[in-house]
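Listed below are the residues making up each chain.
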Amino acid sequence: MGLLLLLTSTLLFSSFHSGTALNADLKITSVDLSVEPSNEVSRGTNVTLRCKGKVLTSRIDALIRVYTISKDDIVIYNKTTSSSEDFLYHLPEARVSNNGKYRCRMHMMGEEMGSQAVTLSVTGMSTPILQLSKAIVTEGEAVNATCLAPGETGSIWFNFYDGSKDVDKIGPSSNPVMFRPKGVGDHVIRCSYSVFVMPDKFSSPQSNAVNVTVKELSVVPVLTISPQDNVYEGDALKITCSVNDAMKYYPDALLLLSQGDTLLSTGNTSVHANWTVQATGPKLIIVCRLYVRSAEKVEMKTVSVTELFSVPTLHMSPSEVFQGDSIQLTCTSKILSYDKLGGEPLIYRLESLEDNMTQANGLFVFKAKKIDFNYTCTVVAKGIKKKSNVLAINPKVPVSAPKISVHGSAILGRELEISCLSETGTPPITYTLWKNNKQNKAVRVQEFHKPAKFTVLVSEPGQLHEYFCRASNGNREPELSEKLRTAVIVPMTEAYLMVLPTSGDISEGHSVTLICSFTGTPPVTVGWYRDSDSNALNLTTTKINTTSYTFILSKKHSDKYYCKAQNRANSVESNRVELEVGMAKWKKLLISGTIILVVSSVVMVGCVLFIRSRRGRVQREPVSVWSSRKPETGSDDEISTASNDPEVEYTEVVHPRSEDPTRSPLRKGTDTVYSELQNSLHGAADHHDYGSAKYVDQNGDQQHGIPQHNTEANNYSDLPIPVD
């Protein structure tokens, strides 16, 4: 029905959409859906869904409207009408199956609009009615039960109850249901139903109670066992399972004869079994079961059985073995009934997946395999066979000679981790660290190929050569490692920096050598540094306790220098040496020569200019010039005894004076100028700019150095005072 409505509405919609071009004068403005008398009503109330659509149009002819009602988004009704009245959809005597969300949609000349969803909730369900086909039945007999839900619609499922227990649950297509009450006596049967409105379920109250009486079957099983007393393993029992004569009324009956979980025989009226007793415990339980339809009747008897021999046990000696070692397995039964055995021997058999061995005394000797293997043993006598539990044998792999090693570097004064490891060997393995044939420490390792670790303090350089370790994983002689062959690293303790040359000319263009000495285990990496730069000037690695670095000086090399020495243990810094780089000798000579040349040129130019200016003012009169000096010595001897005082020369220069009318009359005579020229005995002192090297401690204080050469100025005597 729903599919037909959907196809109808689809055809209508397609026909309306084809006329869209004709609907420019029509517009649906609103569609509203309401529930009357209310959204929440009780069962049996007549409910009406009112769909009201408002349309704007200029047309006067009757317009065709199509209304669609949907519940939970499924179309349940379509209506085509030309009436402008509200569309009404009726739900007479509402049921819980009517619960859900409803919508109304209106289609009109290509225009369409839907309403908002409204929810209808119906409460209350009818009380179910139970009907049974029989009130009295026999065990296993079926009863037909019908559960009715008056007036209810929708998807309904029924539940049946026997007292407080669920009997069955069926759908509407399986009503009525056939079931068999279990147990003799009176049974109270009820039912209920549930209405499914997805995703919800609504359950009804329980129905009326109907009593059913179940009568016991008159037939019972009969079990006979011979003999039943003083039974030993291996004895033959005659067992019969049958029923009484009333069996002829139940041709579909079934008899089952069993012992424990073993089914001995089956039949319809009577079954027999000749069974050789095998004790699985101190008592055996024999069961005879009778099934008639679904009814079950049971009779059981207990038989006490004495063992001929107990279940064997399998032991291994020694308790642990290594691959290839001799191994002994013993299979024994602790309890034996010698009288009943009558001297018959027990046969022992050792079984595994690969081989089997038989011995009369239950003693088996062989070599252990290289792989894990399992064994069981069986004992046979008088047709009785018993098997032991499985014995798992796991031959051990002997430990190999352990290897001793250290983790990291062995540094004097620090702790060191020593490892001992055997490449092969079944864990657990016990490792023992020894020093000078005295046990130091022991570690038990439970995992395969995991080393044992020991921590020791390195207090002497040659201490480590005294250590070795032992490994053992059983009753074999322990394996020994070689002695530890690891060198001890002595940490760097001090470093000292010196400079060559220690004195003399430390100036531009000359080379200087920095020598770094230190103590500590090589190899040692040495770097040279200066205070003004954190980057190393040079790095080198050496195996001796001293190394050097040479470079050509320039003025920018004036700084404090130091070295760093580092080995695998630590690093140290040396003292600092301050280098003051002097000017190059050729630069000093060039500057001195330049100064002398400039001064000489200035003096000469000044003299020339002075003389020229004097000549222009000189009158034309004779000029006399005289000089006075000490008389020369008469001989070489006198020369050798002459005073070391400097020689003094006096020169008189007479300058003619020109007449100057603006000045007062000149004095007659001459102006006499005395000049004293003093010659140094040793000449002028040299002026050299020497550099120096100063050794300072770590705080930069001066330790010792080579002083610079300081010049002393020459003393000149005053010139004589001119005399008129």
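Because the structure is a prediction, the values reported are computed rather than measured.

Peer 1: How would you sum up the overall build of the chain? Please name residues and give values.
Peer 2: The helix and strand inventory of the chain stands at 4 helices and 53 strands. By the burial criterion, 35% of the 724 residues in the chain qualify as buried. Residue pairs in contact within the chain that sit at least 24 positions apart in sequence constitute 63% of those at least 6 positions apart. When the accessible area of the chain is evaluated, it comes to approximately 43200 Å², of which 52% is carbon and sulfur surface.

Peer 1: Any chance you could break down the sheet that holds strand β19 (residues 221–226) for me, citing the residues and the numbers?
Peer 2: Reading across the sheet, the 3 strands line up as β19-β21-β24 and stay open at both edges, with antiparallel pairing between neighbours. Looking at strand neighbours, the two that pair on one side only are β19 and β24 (270–276), the edges of this open sheet. On average, each strand axis in the sheet is tilted by 15° relative to the strand beside it, whichever way the strands run. Examined bridge by bridge, β19 and strand β21 (residues 236–243) share 6 bridges and lie antiparallel to one another. Looking across to β21, one finds that I225 is bridged to I239.

Peer 1: Which residues make up the state of the cysteines, and what values do they have?
Peer 2: As enumerated under the stated definition, the model contains 6 disulfides in all. Residue C241 pairs covalently with C288 via a disulfide, S to S 1.5 Å. Residues C241 and C288 share a disulfide whose torsion about the S-S bond is about 55°; that sign makes it right-handed. You can see C241 sitting in strand β21 and its partner C288 sitting in strand β25 (residues 283–292), a full 47 residues away along the chain. An identical accessibility class is assigned to C241 and C288; each is buried. Note that C331 is cross-linked by a disulfide to C377, the S-S spacing being 1.9 Å. The sign of the 65° torsion about the S-S bond sets the C331-C377 disulfide as right-handed. Residue C331 is located in strand β28 (residues 326–332), and its partner C377 is located in strand β32 (residues 373–381); the two are separated by 46 residues in the primary sequence. Judged by its relative accessible area of 1%, C331 falls in the buried class.

Peer 1: With reference to specific residues and values, describe the packing of aromatic side chains.
Peer 2: In this structure the tally under the stated criterion is 12 aromatic pairs. With centroids separated by 5.3 Å and ring planes inclined at 40°, the aromatic side chains of Y77 and Y89 adopt a geometry described as tilted. A residue pair is termed long-range when its members are at least 10 positions apart, and Y77 in strand β5 (residues 74–81) and Y89 in strand β6 (residues 87–91) qualify at 12 residues. An angle of 15° between the planes, with centres 5.6 Å apart, marks the rings of Y529 and Y562 as stacked.

Peer 1: If you had to explain the side chain of H557 to someone new, which residues and values would you point to?
Peer 2: By the secondary structure assignment, H557 is in the loop between β46 (546–552) and β47 (559–566). Residue H557 is classed as buried on the basis of its relative accessible area of 14%. Only 3.4 Å separates the side chain of H557 from the backbone oxygen of I552, close enough to count as a polar contact. Filtering out sequence-adjacent residues up to four positions away, H557 remains in contact with R530, F551, I552, L579 and V581.

Peer 1: Break down the sheet that holds strand β20 (residues 231–232) for me, with residues and values.
Peer 2: Taken together, the 5 strands give an open sheet; going across it, the order is β20-β26-β25-β22-β23, and neighbouring strands pair in mixed fashion. Of all strands in the sheet, those with a lone pairing partner are β20 and β23 (262–267), marking the two edges. Note that β25 and strand β26 (residues 295–306) share 10 bridges and pair antiparallel. Residue pairing for β26: C288 is matched across the bridge by E299.

Peer 1: Before we move on, can you summarise the pairing of strand β13 (residues 155–162) with the specific residues and values?
Peer 2: Burial of β13 is extensive: 6 of the 8 residues sit out of reach of the surface. Pairing analysis gives 8 bridges linking β13 to strand β16 (residues 185–197), with the strands arranged antiparallel. From the neighbouring strand, I156 faces β16, where its bridge partner is V195. Pairing analysis gives 5 bridges linking β13 to strand β14 (residues 165–170), with the strands arranged antiparallel. Bridging across to β14, F160 finds its partner in D168. Counting the residues that bridge the hairpin from β13 to β14 gives 2 residues, and of these G163 lies at a positive phi of roughly 70°.

Peer 1: Describe the pattern of salt bridges, listing the residues and the values that go with them.
Peer 2: Opposite charge on two side chains permits pairing when their charged atoms draw close. If you walk through the whole model with that rule in mind, you get 23 salt bridges. In this structure, R105 engages E112 in a salt bridge whose closest nitrogen and oxygen atoms are separated by 3.0 Å. Relative accessible area serves as the criterion here: at 38%, R105 is assigned to the partly exposed category. When salt bridges with common partners are traced through the structure, they connect D531, K564, E573 and R576 into a single cluster.

Peer 1: Now, about the environment of T542: what can you tell me, with residues and values included?
Peer 2: Summarising the element assignment, T542 is placed in strand β45 (residues 533–542). For the pair formed by T542 and V526, sequence separation is 16 residues and the distance between their alpha carbons is 7.7 Å. T542 has contacts with F518, P522, P523, V524, V526 and T547, leaving out every residue within four places of it along the chain.

Peer 1: Residues and numbers for a nonpolar patch on the surface, please.
Peer 2: Judged by side-chain polarity, I591, I595, V599 and V603 come together as a nonpolar surface patch covering roughly 340 Å² of accessible area. Within the secondary structure layout, I591 lies in helix α3 (residues 585–615).

Peer 1: A description of the confidence of the model for the chain should follow, citing residues and the corresponding values.
Peer 2: In this model, the chain carries an average pLDDT of 79, and 78% of its residues clear a pLDDT of 70 or more. For the stretch residues 1–22, pLDDT sits under 50, and the model shows 21 contacts to residues farther than four places along the chain or on other chains. Here residues 619–690 scores under 50 on pLDDT; set against residues more than four positions off or in separate chains, the count is 82 contacts.

Peer 1: Explain the environment of I327 residue by residue, including any values.
Peer 2: Structurally, I327 is set in strand β28. Note on I327: relative accessible area 0%, which makes it buried. Between the C-alpha atoms of I327 and K369, which are 42 residues apart in sequence, the distance is 9.7 Å. Among all residues touching I327, those that are not within four sequence positions of it are M316, S317, V321, F364, V365, F366, K367, A368 and I393.

Reading the values: the criteria
Residues numbered from 1 in each chain as written. Predicted model: local features only at pLDDT ≥ 70, side-chain atom pairs only at ≥ 80, totals over all residues. Heavy atoms only, no water. Helix = DSSP H or I, 4+ residues; strand = E, 2+ residues; numbered from the N terminus. Buried < 20%, exposed > 50% of the residue type's maximum accessible area, 1.4 Å probe, protein only. Contact = heavy atoms within 4.5 Å. Areas by Shrake-Rupley, 256 points an atom, 1.4 Å probe, with all protein chains shown as cover. Pairing = 2+ DSSP bridges. Axes fitted to C-alpha atoms, helices over the stretch in contact; angles between N-to-C directions. Disulfide = S-S within 2.5 Å. Phe/Tyr/Trp six-rings, centres within 6.5 Å; stacked < 30°, edge-to-face > 60°. Polar contact = N/O pair within 3.5 Å; in protein donor to acceptor, adjacent residues only side chain to side chain. Salt bridge = Lys/Arg side-chain N within 4 Å of Asp/Glu carboxyl O. Patch = residues over 30% accessible without salt bridge, like charges linked within 9 Å, V, L, I, M, F, W, Y side chains within 5 Å. pLDDT = per-residue confidence, 0-100.

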